[in-house]
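Tertiary structure, described
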Amino acid sequence: MTLTKQEFLISSGLRVQTLEFWLEQRWLLPTEAASGAQFSDADVARAHLIRDLKSDLGVNDEGIDVILHLIDQLHGVRQAFALMRTALDDDSRTI
Amino acid sequence: MAKNPYDVLGVSSSASAAEIQKAYRKLAKKLHPDLNPGDKAAEEKFKEAAGAYDLLGDADKRNRFDNGEIDATGAERPQHHFYRDYADAGDPHAYTSGAGFADFMDSDDAFADLLRRGQRARANRRGEDLHYRLSIAFVESISGATKRITLPDGGTLEVKIPPGLVDGQVLRLKGKGAPGAGKGGPGDALIEVEVMPDRRFTRDGDNILLEVPISLTEAVLGGQIRVPTPTGDVTMAVPKGSNTGTTLRLRGKGAPRRGGSAGDELVKLTIVLPKSPDPELEAFVENWTKGKKFDPREGTL
């Protein structure tokens, strides 16, 4: 399911200025379609995370940048591990 | 029954708003599921802490809770999906960064190879191996042949039968399987070859066995006979005094082996008398005294 910018603002409860700032910081990367930005469920969940970090955990904007970058790397590593597990499975099957 | 929110946050019931926020932040930093993508238990604990903070972090709700107007369950957060549920959902997306391990991929060790292969396996999956069956004649299994398989999609596949192939052997044609995705390359075609039985030849390892009938004359006096081999007829000398069961060896006329040599063809002779009784033969045997004295069963029965 994808949301337009308007729908995303309503579902996330974000203010327009806040969202604009997040997009500017490239914390959120919605898909650019001809009809405008398309927000996925993952974007909504990521917005939730950013809000948790800012409001509940008291992280400032510089901190958000660092945390998101590290989390994105962590997920990259997790995916690499998942791929390796599949590769190892495939190997043991062919042997 | 939900736990007492003060216990969850580890604060006293007289704690100030600032103390409550500090306690919650301390817990949330450790427990937030998105900061612990692989820890399933963190989510439950985080929800508990977040629920407690929802209640105690809001002065109005905290008052009503303290006065017993709402219980600890009253403030549980609505379910929402954490970012990690999407980030871990399989295919790499816009946010995923390989920066955390890119340096590993540059090296030449087994680990980097596995990573690279793993990535190819997902994005560039190799095509499936396809299995086929093919029946060939015995002679073709010995001397080799080129066969064609008609594929389900109407195409054909040329299969080279190596000389000396044995029944049930599987031939692998590289890249002739199903197409792969991306740069994965196609799979292989695996062809199980069945060798049809031959009415003349049987196979025993690298040797080929064959029974050849000979006449009484050829047995007694010897002679040249024509014998089939998988690669064509050859002339073979039957020695004088050959018997039923005598086995002659045609060297190198068996199944080819790896390395260029080949097994032998073993020719087993069987004496066959003329179909119709022959008066001349009967008269000869009648007068053949030595033949009457010979007992082939002597000592065996």
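No experiment lies behind these values; they were computed from the predicted model shown.

1. Quick word on the sheet that holds strand E11 (residues 265-271) of chain B
Residue and element names in this part refer to chain B.
- With mixed pairing, four strands are arranged side by side in an open sheet as E6-E7-E11-E10. Edge strands, defined here as strands with exactly one partner in the open sheet, are strand E6 (201-204) and strand E10 (247-250). This sheet shows a mean twist of 30° between the axes of neighbouring strands, independent of strand direction.

2. Points about the sheet that holds strand E5 (residues 189-195) of chain B
Residue and element names in this part refer to chain B.
- The sheet built from three strands is open, its strands ordered E1-E5-E4 with mixed pairing. The sheet is open, and its two edges are formed by strand E1 (130-136) and strand E4 (170-173), each paired on a single side. Pairs of neighbouring strands in the sheet enclose a mean axial angle of 25°, with direction left out of account.
- Sheet topology places E4 next to E5; four bridges connect them, and they run antiparallel. Each residue of the ladder has a partner; that of Leu173, found in E5, is Ala189.

3. Topic: the nonpolar core
- Ranked by internal contacts, the top residues of the largest apolar core, which has 18 residues, are A:Trp22, A:Trp27 and A:Ile50.
- Elements that contribute at least two residues to this core include exactly helix H2 (16-24), helix H3 (41-56) and helix H4 (61-94) of chain A together with helix H5 (83-87) of chain B.
- It is H3(A) that provides the largest number of residues to this core, a total of five residues.
- Excluding residues that lie within four positions of it along the chain, A:Trp27 makes contacts with A:Trp22, A:Ile50, A:Ile64 and A:Leu68.
- With 17 residues, the next largest nonpolar core counts B:Val8, B:Ala23, B:Ala49 and B:Ala52 among its residues.

4. Some words on the environment of B:Glu218
Residues and elements named next belong to chain B.
- When you line up the elements, Glu218 lands in helix H9 (residues 216-221).
- Residue classification places Glu218 among the partly exposed residues on the basis of 19 C-beta atoms within 10 Å.
- For the pair formed by Glu218 and Val238, sequence separation is 20 residues and the distance between their alpha carbons is 7.1 Å.
- With sequence-adjacent residues up to four places away left out, Glu218 is seen in contact with Gly223, Ile225 and Val238.

Basis of the calculations
Residues numbered from 1 in each chain as written. Chains lettered and ligands numbered in written order. Predicted model: local features only at pLDDT ≥ 70, side-chain atom pairs only at ≥ 80, totals over all residues. Pairing = 2+ DSSP bridges. Helix = DSSP H or I, 4+ residues; strand = E, 2+ residues; numbered from the N terminus. Axes fitted to C-alpha atoms, helices over the stretch in contact; angles between N-to-C directions. Core = buried A, V, L, I, M, F, W, Y, C linked by C-beta atoms within 7 Å. Buried ≥ 20, exposed ≤ 12 C-beta atoms within 10 Å, placed from the backbone. Contact = placed C-beta atoms within 7 Å.

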